[in-house]
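Below are the chains, spelled out letter by letter.
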Amino acid sequence: MKESIESIKGKLKETGFKITPQRRAILEILLENDDKHLSSEEIYDMVRVSCPEIGLATVYRTIQLLSEVGLLSKLNLDDGCIRYEIRLNKDEKHNHHHLICEKCGKIIETKEDLLDGIEELIHQQYKFNVSDHDIKFFGICEDCQKI
């Protein structure tokens, strides 16, 4: 995690921002929960444990900043709130895809970009360069199918 904090500090410094104690606390929560898709309120509740003086507005501003500099991805999983996940690998061309269970709400991330062929077809047919896409698949997960 220390290596990740250092790379994030470098990215913030490149964009003219400093890593304040509050930003560090938020980043640590995001890094510790990098397999989850946290809402801003969940981030706030978790960060208050180690940083009780932090305000919700500070969390919102930090999330906005991290999104603007490309360190956080916003996700709308159609559950009524925006969720976030840390994005450390700048070499990734796109966000990964999400499989969302309609019974238990589990979110499974695909590791593969499933749409490379479609993007190439779009480029060839429409002369349109796709920079990113956001794909969600809804269905029933393996565990819920057993019930």
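Preceding this section is the structure that the text describes.
Keep in mind that this is a model prediction, so the values were computed, not measured.

(A) Geometry of the nonpolar core. Of all hydrophobic cores here, the largest spans 24 residues; its most connected members are Ile43 and Val59. For this core, the secondary structure elements donating two or more residues are α1 (2–14), α2 (21–32), α3 (40–50), α4 (56–68) and β3 (82–86). In terms of residues, this core owes the most to one element, α2, which gives six residues.

(B) How the structure looks around the environment of Ile118. Turning to its location among the elements, Ile118 is positioned in helix α5 (residues 116–126). Residue classification places Ile118 among the partly exposed positions, given a relative accessible area of 46%. Along the sequence, Ile118 and Val49 sit 69 residues apart, while their C-alpha atoms lie 45 Å from each other.

(C) View of the environment of Leu115. Tracing the sequence through the fold places Leu115 in the loop between β5 (107–109) and α5. For Leu115, a relative accessible area of 16% corresponds to the buried category. For the pair Leu115 and Ser7, spaced 108 residues apart in sequence, the C-alpha separation works out to 29 Å. Setting aside chain neighbours within four positions, we find Leu115 in contact with His97, His133 and Ile135.

(D) Broad picture of the pairing of β3. Of all five residues that make up β3, four are buried, and the element is covered over most of its length. Note that strand β1 (residues 38–39) and β3 share two bridges and pair antiparallel. Each bridged residue has a counterpart across the sheet, and for Ser39 the counterpart in β3 is Arg83. Linking strand β2 (residues 72–76) back to β3 in an antiparallel pair, the connection comprises five residues, with Asp78 at a positive phi of about 60°.

(E) Highlighting the sheet that holds strand β6 (residues 136–139). On the basis of which strands lie adjacent, the open sheet formed by three strands has the order β5-β4-β6 and mixed pairing. Both outer strands of the open sheet, β5 and β6, are each paired with one neighbouring strand and no more. Direction aside, the axes of adjacent strands within the sheet are offset by 25° on average. Across four bridges, strand β4 (residues 98–101) lies against β6 in parallel orientation. The residue bridging His98 from the neighbouring strand is Lys136, located in β6.

Conventions we followed
Residues numbered from 1 in each chain as written. Predicted model: local features only at pLDDT ≥ 70, side-chain atom pairs only at ≥ 80, totals over all residues. Heavy atoms only, no water. Core = buried A, V, L, I, M, F, W, Y, C linked by side-chain atoms within 4.5 Å. Buried < 20%, exposed > 50% of the residue type's maximum accessible area, 1.4 Å probe, protein only. Helix = DSSP H or I, 4+ residues; strand = E, 2+ residues; numbered from the N terminus. Contact = heavy atoms within 4.5 Å. Pairing = 2+ DSSP bridges. Axes fitted to C-alpha atoms, helices over the stretch in contact; angles between N-to-C directions.

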